[in-house]
Every structure is written in structure tokens, then in C-alpha cells.
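Residue strings, one per chain:
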Amino acid sequence: MPELPEVETIRIGLSRLLPGLVIKAVDCPNPKSFVAGAGDVRSFLLGAKVLSVKRRGKVLLIELSSHYSLVIHLKMTGQLVFKGSSVHFGAGHPSKSLIGKLPDKSTRVIFSFSDGNKLYFNDQRKFGWVRLLPTTEVPNIKFMQKLGPEPLESDFNWQVLKARLSRRPNTNIKAALLDQTVIAGIGNIYADESLWGAKIHPQRLVRSLSDANIKNLHFAIVAVLLMSIEKGGSTDRNYVDADGKKGSYLRFAKVFRRDGQRCPRCNTEIIKIRVASRGTHLCPHCQKLPKVTGK
DNA sequence: CACTTGACCTGTCCGC
DNA sequence: TGCGGACAGGTCAAGT
């Protein structure tokens with residue numbers, strides 16, 4: 001579930017904690033979670049200092065002084081949690097219980113730093129991965145090259161959104177929003193929330209959308225992503241930030257996982273359907289399907 | 001080529 | 001209580 005706001009929240013947390021730390025050891029309880037290129041990986045990891053923590057779409061980039069970078073994709077259940085060696089949590093601190101239990105059976109990679117701090121990559125379903133790549137090659141790997149624009153960059157306007165969507169004219173708008181080559185960073189939660197905000201039915205074909213629709217959608221995407229970052233992201237099942245804390249966005253969500261509840265705009269009951277083989281939440285009154293557009 | 005579906009995994013929940 | 005199966009959903013490979 002980590003989508004752009006969750007990954008950005010983790011990035012903000014890690015960029016407070018990691019820069020300047022020197023990697024002392026890396027353990028991989030699940031070797032498949034760590035994909036290293038050819039050559040002696042250890043020499044580019046051990047003794048390397050963390051320079052910065054960046055994000056592209058849903059991917060985290062940890063740049064090291066060895067001219068290599070750690071590239072991390074959390075997929076659905078990945079977590080990156082930092083455990084300080086000398087941090088004292090007050091009673092009832094939300095992260096105390098989780099952090100205290102690390103490592104656990106979902107721990108896939110452990111980074112140990114020379115000052116005793118540790119960074120845990122936990123991933124229940126093992127879909128996520130960590131790669132070590134030369135920093136200059138990171139933008140050249142296929143995954144990165146195919147990514148669409150960053151929706152929170154200042155040059156992402158409605159005309160850009162329209163141009164990107166034109167790559168997928170015959171699919172439904174929900175599938176297009178989930179396509180990372182169209183726009184980077186949107187997943188199931190923010191696709192549903194953005195479409196509700198723009199009053200667009202998820203099954204509308206992309207080519208049926210008017211300019212006004214696309215302007216509304218652009219506005220909704222940016223607003224929803226910014227609001228979620230402000231709330232620390234969404235915790236649906238197991239997302240936590242770098243401090244082990246959950247996000248609160250879902251308390252403010254309008255439709256996601258609110259089937260059976262009332263639309264805050266028109267009081268109609270929110271429904272859940274399947275679109276692009278994903279659970280999809282919408283208000284059937286605010287988000288109407290114009291005619292018989294397939295499916 | 002454009003688009004959709006299944007596989008990758010594990011934990012949880014639901015019905016029998 | 002236990003068990004089978006559906007479901008969760010990001011991305012790539014395979015299928016239509």
C-alpha cells in the first residue's frame with residue numbers, strides 16, 4: 001500500500017535520521033529481498049556513509065558516499081523502520097511496541113550503522129525489494145525510465161496530465177491512474193480518492209473525458225496527495241513511517257474503504273465495485289457513468 | 001501494439 | 001475448532 005504520500009512520509013523521516021551515518025553491517029534474513037548487481041557488493045556498502053534520501057514515484061533512493069545507491073520498493077507491505085540505539089520512548093509512545101519487537105519474522109534486511117542504530121526493512125509478503133546500484137545508473141534502469149511525471153512537481157499541470165492520459169485512450173481512467181508510466185506514485189487509495197474529488201466514475205474511458213474533467217482530476221490528485229502527506233499518509237493494514245508510526249489520512253478519506261457509509265457531498269451510500277481487478281470505491285450519485293461504455 | 005489477467009507472497013477473515 | 005478459499009494490491013510477465 002505505500003503510495004506516494006506514504007513513501008514521501010518515510011523519506012522525510014529517514015532524511016532526518018540517516019544522512020551522516022556509516023553502514024557497518026547488512027544482514028539479509030531473506031536474501032531474495034536484496035538484489036545486488038555483479039561484483040563485490042560489500043565493498044560498496046560497508047563503510048559507506050549515507051548522503052541523502054530521495055524519492056521517485058513510490059521508490060526510495062538512499063545515496064551513499066561509495067557512489068552507489070540503495071533503491072528500495074516497498075510494494076504492498078514493506079516497511080522501513082529506524083531503531084535508535086539510545087532513544088528512550090515515553091510511556092504510550094505509538095512506536096514503542098512495534099520498534100521494541102524488531103527484528104521479527106517479517107524482517108527481510110537489517111542495516112546496522114557504526115553508531116549502533118539500525119534500519120529494518122520489514123515486508124510481510126516479500127514483494128518489496130532493495131537493490132544496490134551505481135548512483136549514476138539509477139535513472140537508467142528500466143523501471144525508472146518508464147515512470148511518468150511526479151504529480152507534485154510544479155510543472156505537472158492539467159495539460160501534462162491530458163498528454164500522459166492520451167497514451168491510454170481506450171482503458172478506464174482508474175487503470176490509467178494506476179499505470180506508473182502515465183503518472184508516478186498513485187495507487188489504489190489515491191486513485192479512488194482523486195476520482196471522487198473530480199466526480200469521475202472509475203470506469204469512464206479515458207478518451208471520453210472532457211478537458212474540464214481532466215482539470216478537475218488534476219486538481220483533485222494534487223490536493224489529495226498533499227493532504228495525505230500532511231496527515232502522515234494512510235495506514236490501511238500495516239503501513240508505518242520511519243519511526244514506526246501509523247498515518248492518519250484514512251480518517252479523512254472520502255470513499256476509500258467507506259462502502260456502506262454516506263458520501264460526504266450528497267449523502268448517497270458509497271459502493272464498492274471491481275475495476276481493473278482492484279477493489280474500487282465510489283459514490284454512484286456523484287460519479288456517474290454516462291452511457292454504456294463497456295464493462 | 002493495446003490492453004487485461006495471473007503470479008509473486010503471507011496474513012486475515014468468512015462460511016461451512 | 002479447523003479448514004478451504006477469497007481477498008488485500010504494486011508491478012512484471014504472459015496471455016488475448
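Everything numeric here is computed off the predicted structure, so don't read it as measured data.

Q: Help me understand the layout of surface pockets, please; the structure alone is not making it clear to me.
A: Over the atoms a probe the size of a water molecule is rolled, and this reveals where empty space is left. Reported here for the largest pocket is a volume of approximately 800 Å³. Lining the largest pocket we find 31 residues, and of these M1, E3, M76, N188 and R278 sit closest to its centre. Contributing elements (two or more residues each) for the lining of the largest pocket: helix 6 (173-178), helix 7 (188-197) and strand 11 (278-282). Per-element accounting of the lining of the largest pocket gives the leading share, three residues, to strand 11. A breakdown of the residues in the lining of the largest pocket according to their chemical character gives 12 nonpolar, eight polar and 11 charged. Computed from the structure, the second largest pocket encloses a volume of approximately 240 Å³. For the second largest pocket, the lining is made up of 16 residues, of which Q79, L98, D104, N122 and N238 are closest to its centre. A class-by-class count of the residues in the lining of the second largest pocket yields four nonpolar, seven polar and five charged.

Q: Please clarify how the packing of helix 7 against helix 8 (residues 211-230) should be interpreted in this entry.
A: When two helices pack together, you describe them by how their axes are tilted relative to each other and by the distance separating the axes. Running from amino to carboxyl end, helix 7 crosses helix 8 at an angle of 130 degrees, the nearest separation of the two axes being 8 Å. On the basis of their axis angle, the class for helix 7 and helix 8 is oblique. Regarding helix 7 and helix 8, the two cross each other, and that crossing is right-handed. Within the contact between the two elements, helix 7 uses Y190, E193, S194, L195 and G197 and helix 8 uses L217, A220, I221, V224, L225 and S228. Among the residues making up the contact of helix 7 with helix 8, the classes are represented as seven nonpolar, three polar and one charged.

Q: So what exactly am I meant to see when it comes to the protein's contact with DNA strand C here?
A: Of all residues adjacent to DNA strand C, which total 17 residues, the nearest are M76, R125, F127, K272 and R278. Here a phosphate oxygen of DNA strand C and a side-chain polar atom of H73 are 2.6 Å apart. Between DNA strand C and R125 there is a distance of 2.3 Å, counted from a base nitrogen to a side-chain nitrogen or oxygen. Among the residues making up the surface near DNA strand C, the classes are represented as four nonpolar, four polar and nine charged.

Q: Just to check I follow, could you spell out helix 7 for this structure?
A: An α-helical segment advances 3.6 residues per turn. Residues three or four places apart therefore align on the same side. Of all 10 residues making up helix 7, nine are buried, and the element is well covered by its neighbours. Listed as buried for helix 7 are N188, I189, Y190, A191, D192, E193, S194, L195 and W196. Against helix 1 (4-17), helix 6, helix 8 and strand 11 lie the buried residues of helix 7. Directly after helix 7, the chain includes K199, whose backbone phi takes a positive value near 55 degrees.

Q: Even after reading the chapter, I still don't get the pairing of strand 3 (residues 50-56), so can you show me in this structure?
A: Across a regular strand the side chains alternate sides, sitting on one face of the sheet and then on the other. In this structure, strand 3 lies alongside strand 4 (residues 59-64), joined through six bridges in antiparallel fashion. Pairing of S52 across the sheet is with E63, part of strand 4. The hairpin turn running from strand 3 into strand 4, its antiparallel successor, is two residues long, and G57 in that turn takes a positive phi close to 60 degrees.

Q: How do you make sense of the side chain of R258 when you look at a structure like this?
A: Inspection of the secondary structure assignment puts R258 in the loop between helix 8 and strand 10 (271-275). In this structure R258 is buried but unpaired, with E193 as the nearest side chain of opposite charge at 6.4 Å. Residues contacting R258, with those up to four places away along its chain left out, are L250, R251, F252, A253, I270 and H281.

What counts as what
Residues numbered from 1 in each chain as written. Chains lettered and ligands numbered in written order. Predicted model: local features only at pLDDT ≥ 70, side-chain atom pairs only at ≥ 80, totals over all residues. Heavy atoms only, no water. 1 Å grid on protein atoms, 1.4 Å probe; cavity = no way out; pocket = protein on both sides within 12 Å on 5 of 7 lines; lining within 4 Å. Points joined across faces, edges and corners; volume = space filled by probe spheres on them. Helix = DSSP H or I, 4+ residues; strand = E, 2+ residues; numbered from the N terminus. Nonpolar A, V, L, I, M, F, W, Y, C, P; charged D, E, K, R; others polar. Axes fitted to C-alpha atoms, helices over the stretch in contact; angles between N-to-C directions. Parallel < 35°, antiparallel > 145°, perpendicular 65-115°, else oblique. Left-handed = near helix turned anticlockwise from the far one by under 90°. Contact = heavy atoms within 4.5 Å. Near = heavy atom within 4 Å. Polar contact = N/O pair within 3.5 Å; in protein donor to acceptor, adjacent residues only side chain to side chain. Buried < 20%, exposed > 50% of the residue type's maximum accessible area, 1.4 Å probe, protein only. Pairing = 2+ DSSP bridges. Lys, Arg positive; Asp, Glu negative; His and termini not counted. Salt bridge = Lys/Arg side-chain N within 4 Å of Asp/Glu carboxyl O.

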